[in-house]
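So you can see what is in the structure, the chains are spelled out below.
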Amino acid sequence: MSKFLLLLGPSGVGKSAIIDELSKLDKRFVYISPYMTRSLRPGERNKIAVSNEQIDEMWRHGDLLVINELYGGILYGTPRMPIAEALATGKFPVLDWPIDRLEVMTRAFPGQLFVVYISPP
């Protein structure tokens, strides 16, 4: 059974840097880019900006596994298909995930998760 990695920890702790390094070490690691309802920050390349209407439509069509609301109303949608495709092709999906929503993934992918909490220095 294929596995996948959830990186948990506070904002700014280095989860994105770890994901970047894992991707460089082994191409089987695949970052699952979330959709989000805010503009990309300068230099940000690992998320996909969409409108509230677009994220609502993706949710209605079942394209998203979950929508998380973070940072005062910004919505982050986790797409189903890239996860399923990565697992089906023997790749190792990686997600930066909020700790308070861990149960969503443990229910959706029982026995398939490696969960790592990244502590601040």
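Every value quoted in this text rests on a predicted model; they were computed, and no experiment measured them. (Residues numbered from 1 in each chain as written. Predicted model: local features only at pLDDT ≥ 70, side-chain atom pairs only at ≥ 80, totals over all residues. Heavy atoms only, no water.)

Enquirer: Please explain the nonpolar core as it appears in this structure.
Expert: Note that soluble globular proteins tend to have their nonpolar side chains buried in a common cluster. If you look at the biggest cluster of nonpolar residues, it comprises 14 residues, and the most contacted ones within it are F4, L6, I83, L95, W97, M105 and F109. Looking at this core, the element that brings in the most residues is strand 1 (residues 4–8), giving three residues. With sequence-adjacent residues up to four places away left out, M105 is seen in contact with F4, L6, L65, I83, L95, W97 and L113. (Core = buried A, V, L, I, M, F, W, Y, C linked by side-chain atoms within 4.5 Å. Buried < 20%, exposed > 50% of the residue type's maximum accessible area, 1.4 Å probe, protein only. Helix = DSSP H or I, 4+ residues; strand = E, 2+ residues; numbered from the N terminus. Contact = heavy atoms within 4.5 Å.)

Enquirer: Before we go on, may I ask you to explain the layout of surface pockets in this structure?
Expert: Where empty space is left in the structure can be found by rolling a water-sized probe over the atoms. Here the largest pocket defines a volume of roughly 730 Å³. Forming the boundary of the largest pocket are 31 residues, of which K15, S16, K47, Y71 and D96 lie nearest the centre. Of all the secondary structure elements, the ones that give two or more residues to the lining of the largest pocket are helix 1 (15–25), strand 5 (64–70), strand 6 (74–79) and strand 7 (92–96). Among the elements that take part in the lining of the largest pocket, helix 1 stands out by supplying four residues, more than any other. Residue composition of the lining of the largest pocket, grouped by class: 14 nonpolar, nine polar and eight charged. (1 Å grid on protein atoms, 1.4 Å probe; cavity = no way out; pocket = protein on both sides within 12 Å on 5 of 7 lines; lining within 4 Å. Points joined across faces, edges and corners; volume = space filled by probe spheres on them. Nonpolar A, V, L, I, M, F, W, Y, C, P; charged D, E, K, R; others polar.)

Enquirer: I'm lost on the pattern of salt bridges in this one. Help?
Expert: Where charged atoms of side chains with opposite charge meet at close range, the side chains can pair. What the rule picks out here adds up to seven salt bridges. Its salt-bridge partner being D20, residue R45 comes within 3.3 Å of it at the nearest N-O pair. Note that R45 is positioned in the loop between strand 3 (35–36) and strand 4 (48–49) and D20 in helix 1, a separation of 25 residues in sequence. Residue classification places R45 among the exposed residues on the basis of a relative accessible area of 60%. For E103, the salt bridge is made with R101, and the minimal N-O distance between the two is 4.0 Å. Salt bridges linked by common partners bring R38, E44 and K47 together as one network. (Salt bridge = Lys/Arg side-chain N within 4 Å of Asp/Glu carboxyl O.)

Enquirer: Help me understand the sheet that holds strand 3 in this model?
Expert: Strand pairing in a sheet takes place through backbone hydrogen bonds and is either antiparallel or parallel in direction. Reading across from one edge, 4-3-6-5 is the order of the four strands in this open sheet, with mixed pairing throughout. Single-partner strands in this sheet number two, and they are strand 4 and strand 5. With six bridges connecting them, strand 5 and strand 6 associate as antiparallel partners. Across the sheet, V66 pairs through a bridge with T78, a residue of strand 6. Those strands touched by helix 2 (residues 52–60) are strand 3, strand 5 and strand 6, and its axis lies near 145 degrees from that of strand 5. In the packing of helix 3 (residues 80–88) onto the sheet, contacts are made with strand 5 and strand 6, and the angle to strand 6 comes to roughly 30 degrees. (Pairing = 2+ DSSP bridges. Axes fitted to C-alpha atoms, helices over the stretch in contact; angles between N-to-C directions.)

Enquirer: Got a minute to help me understand the sheet that holds strand 7 in this structure?
Expert: The parallel open sheet is built from four strands, whose spatial order is 2-7-1-8. Here the strands that pair on one side only, and so sit at the sheet edges, are strand 2 (29–31) and strand 8 (113–117). Pairs of neighbouring strands in the sheet enclose a mean axial angle of 25 degrees, with direction left out of account. The pairing of strand 2 with strand 7 spans three bridges and is classified as parallel. Looking across to strand 7, one finds that Y31 is bridged to V94. Contacts between helix 1 and the sheet are confined to strand 1, strand 2 and strand 7, with strand 1 contributing the most and set at about 155 degrees to the helix. Sitting on the sheet, helix 3 touches strand 1 and strand 7, and the angle it makes with strand 7 is about 145 degrees.

It is worth stressing that arrangement in space is one thing and function is another; only the former is reported here.
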